[in-house]
Amino acid sequence: MEEVRPRLEAFAAEMLGSLARRDQRAKGELYLRGLMLDGKRKSMQPMAERLGVDHQQLQQFVSSSTWDYAKVRERLARWAAAHISPEAYAIDDVGFPKDGYDSPGVARMYCGALGKRGNCQIGVSVNLVSDRASSAVDWRLFLPENWDDTKHGEDPLLAEAIRRRRARAGIPDTARHREKWRLALDMLDEVRGDWELPDLPVVADAGYGDAMGFREGLTERGLTYAVAVKATTTAHPGGATPERPPYYGQGRPPVSACPQPHTTLRALALAAGQAATRTVTWRQGSKATKHNPRAEMRSQFLALRVRPANRHIRRAADGFPPECWLLVEWPPDSAEPTDYSLSTLPADTPLRELVRIAKIRWRVEHDYRDLKDGLGLDHFEGRNYLGWHRHVTLASLAQAFCTLLRLDPKAPASA
């Protein structure tokens, strides 16, 4: 830390430049240093002990000081856009296991950190990502329905209890229950609109890809995507031609429809057969073996043009759902495909590029581990909505600084 501290101070000054007061900027740099020092626990008291300061300094800075975390995130996003050459926006979420029930947004939900349902908070993030780095530039805390009094108007006593609970956690009246995919769309609007970052493809796992509203929301915003979906998602073959049934002058005129019923993505892939797959190498990994000395990440893939089947999907000019890519991973030793994605990347996109963009989420999953294991992302013990958002923002800054050191060959210390 002593070797890199001058660079950390310069980085903190740049990222925290929107903070009006000098003491706030100093405490922000102190908090970043605490997140990066050795030590398993990165909650405030252990960090303060390592830093040799009163933990109330950190507590006051994060929970009650007057500074806008959105302005800090905007600076981080602009920095990341300039330094990591992002190729996509990756949508992801992370669970924060909790013991009690007073932390904002806490409820019994599936938690990836636990591998099961448990007491946790869920944070949703938008990440700028390339194969060499990623940066979590925006965050939202997911609020389940039992944290939204407007969802329980039929039960005045319950609604009043929820309002008291929200007040204790400092949740603003504007923060309500919204599905995680809607939170993701809100953040994309902020990142691209308010912060003026470029349009990039969006990648996400099936938790988001299976939400038809999310896919439609991306299309409405002019964003392409490559998102994972379930094998049971339904579609028509891309070459299917819609037909309009004859109209006999009674009732509403019929709309164009495919004469053949839709089927599942799994059925479409099996109909094409494993013989139609091609071997694709999308990046170089880190674990070389005797049979793979260059540690190449490769598998077999199949790309088909399909028309997703859903009555709520907006129609193309021919009155039929528009075509998109179905990308299927079918390893050579597997009896059937293992992974499915839908993508609206252009129709002339090469298979290798389709695979590379769809697989680029690996970087975020890798960096999430660093954020949680090394930089204390999920160690915040406060019960304050504002404090949670500030803590995850500062953890993201710490991760960005580590990325800066890792990518800079002139760095005096490894990161």
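An unreviewed UniProt entry annotates the protein as SRSO17 transposase originating from Streptomyces atratus.

Here we come to the pairing of strand β12 (residues 339-343). In terms of residue burial, β12 counts as a mostly covered element, since four of its five residues are buried. Two strands pair when backbone bridges link them, and strand β6 (residues 225-229) and β12 are joined in this way by four bridges, in the antiparallel orientation. Paired with A226 across the two strands is S343, which belongs to β12. Sheet topology note: the strand β11 (residues 324-329)/β12 ladder contains five bridges and is antiparallel.

Packing of helix α3 (residues 44-51) against helix α4 (residues 55-63) brings their axes to within 8 Å, and their N-to-C directions diverge by 130 degrees. With respect to each other, α3 and α4 are oriented oblique. Taken as a pair, α3 and α4 cross one another with a handedness that is right-handed. Along its contact with α3, which presents M44, Q45, M47, A48 and L51, the element α4 presents H55, L58, Q59 and V62. Here the contact of α3 with α4 is built from residues that sort into six nonpolar, three polar and no charged.

Moving on: helix α1 (residues 5-15). For α1, the complete set of buried residues consists of L8, F11, A12 and M15. Axial view of α1: buried residues confined to an arc of 100 degrees, hence all on one face. The elements touched by buried residues of α1 are α2 (22-36), α5 (69-83) and α13 (385-407).

Analysis parameters
- Residues numbered from 1 in each chain as written.
- Predicted model: local features only at pLDDT ≥ 70, side-chain atom pairs only at ≥ 80, totals over all residues.
- Heavy atoms only, no water.
- Buried < 20%, exposed > 50% of the residue type's maximum accessible area, 1.4 Å probe, protein only.
- Helix = DSSP H or I, 4+ residues; strand = E, 2+ residues; numbered from the N terminus.
- Pairing = 2+ DSSP bridges.
- Axes fitted to C-alpha atoms, helices over the stretch in contact; angles between N-to-C directions.
- Parallel < 35°, antiparallel > 145°, perpendicular 65-115°, else oblique.
- Left-handed = near helix turned anticlockwise from the far one by under 90°.
- Contact = heavy atoms within 4.5 Å.
- Nonpolar A, V, L, I, M, F, W, Y, C, P; charged D, E, K, R; others polar.
- Arc of directions from axis to C-beta.

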